[in-house]
Amino acid sequence: MSRLMLKTEGDTHVIVTRHFAASPEAVYRAHLDPKIVQRWLLGPDGWTMPVCDLDARSGGKFRYEWKHETKGHGFHITGEFVELTPHSKIVHIERMFLPQQTPDNHIETRFEPDGSGTLMTMRMTLPDEATRAAMLSTGMEKGMENSYERLERMIPARMEAGK
Amino acid sequence: MQELAQLDAVFLAMGDPTRRAILARLARGEATVGELAEPFAMSQPAVSQHLKVLEGAGLVVSRVDGQRRPRRLAPAGIDAMERWLATLRAGMEKSYERLDEVLARMEEEPKRKKGRKA
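Residues numbered from 1 in each chain as written. Chains lettered and ligands numbered in written order. Predicted model: local features only at pLDDT ≥ 70, side-chain atom pairs only at ≥ 80, totals over all residues.

A.B. asks: Before we move on, could you go through the confidence of the model for chain A and cite the residues and values that matter?
C.D. replies: Residues and elements named next belong to chain A. Per-residue pLDDT for chain A has a mean of 78; in total, 77% of the residues score no lower than 70. The spread of mean pLDDT over the elements of chain A runs between helix α4 (residues 147-162), the lowest at 34, and strand β7 (residues 105-114), the highest at 95. Note that pLDDT drops below 50 for residues 137-163; the model gives that stretch 40 contacts with residues more than four away or on any other chain. (pLDDT = per-residue confidence, 0-100. Helix = DSSP H or I, 4+ residues; strand = E, 2+ residues; numbered from the N terminus. Contact = placed C-beta atoms within 7 Å.)

A.B. asks: Let's hear about unusual backbone geometry: which residues, and what values?
C.D. replies: Residue and element names in this part refer to chain A. Despite not being glycine, H87 shows a phi value in the positive range, around 70 degrees. Within the secondary structure, H87 is located in the loop between β5 (74-85) and β6 (89-97). A tally of 16 C-beta atoms within 10 Å means that H87 is categorised as partly exposed. (Buried ≥ 20, exposed ≤ 12 C-beta atoms within 10 Å, placed from the backbone.)

A.B. asks: Could you give an account of the packing of helix α3 (residues 33-40) of chain B against helix α4 (residues 44-56) of chain B, naming the residues involved and the relevant values?
C.D. replies: Residue and element names in this part refer to chain B. Two numbers describe how α3 lies on α4: the axes approach to 9 Å, and their chain directions differ by 110 degrees. By the criterion of interaxial angle, the relationship of α3 to α4 is roughly perpendicular. Within the contact between the two elements, α3 uses V33, G34, L36, A37 and F40 and α4 uses Q44, V47, S48 and L51. Classifying every residue of the contact of α3 with α4 gives 6 nonpolar, 3 polar and no charged. (Axes fitted to C-alpha atoms, helices over the stretch in contact; angles between N-to-C directions. Parallel < 35°, antiparallel > 145°, perpendicular 65-115°, else oblique. Nonpolar A, V, L, I, M, F, W, Y, C, P; charged D, E, K, R; others polar.)

A.B. asks: Any chance you could break down the sheet that holds strand β3 (residues 47-54) of chain A for me, citing the residues and the numbers?
C.D. replies: Residue and element names in this part refer to chain A. Strand order in the open sheet formed by 8 strands is β1-β2-β8-β7-β6-β5-β4-β3, with antiparallel pairing between adjacent strands. A strand with exactly one partner marks an edge of an open sheet, and here the two such strands are β1 (5-9) and β3. Neighbour-to-neighbour, the strand axes of this sheet turn through a mean angle of 25 degrees, independent of strand direction. With 6 bridges connecting them, β6 and β7 associate as antiparallel partners. Along β7, the bridge assignment pairs K89 with R110. Against the sheet, helix α1 (residues 24-32) touches β2 (13-20), β3, β6, β7 and β8 (117-125), its axis set at about 155 degrees to β7. (Pairing = 2+ DSSP bridges.)

As structure tokens, then:
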């Protein structure tokens, strides 16, 4: 029910969907209140977000910094909010620093009522096909053609195992 | 952390539009430096320089075919990105599981407050 779905669309898009057992208002707020973001946007265990600066308005900037509890290094993301429609839509641009800067990712996130909860749909737009292909390793040369299928098979298995 | 270092090299290599175009061209099949230089209106040494960065990131490999040294996409760099995507996805799922808990508490809090008032 709450499973994360990830698929490609066209040449440059990645679509992520996820159901939440909470109202669109709550899910929207959880994405824009820095005190709340800091509690969940942490990825794998062992990471914390010591810096969560977020100016939740159109044109506002954000900066998230992650640190690993034992590995002693981290990485960060910066971005700008392009459009905020209360409780239903967030449009923003972000890039990672690993420290090398990754290409800008343009992300539109929608929150829609779904039963008694919320369906979140994220639509990522990468600058060009090569970047997305590299991100997802799709459509690469012969011999790599099965990569994406393999990836699709591998990911649900990994997620099932994580449950 | 080697993972992050390799990924960093990959994104450094991909940070340049000419190198991304070279990767896109190689995605259609192998090509020599001369064949790669043609559509980019670039000198062969300039293309070789870009190929060096791509090879350093493990994205491109070459083979010897008589006088020719055709380049093609390398599985190693692609695998790193594939693993990264799997990691990203696993990380997202973990984050959202945490968000589920946070949301459950958010919905409870106002209810409790209302309950107290009533």
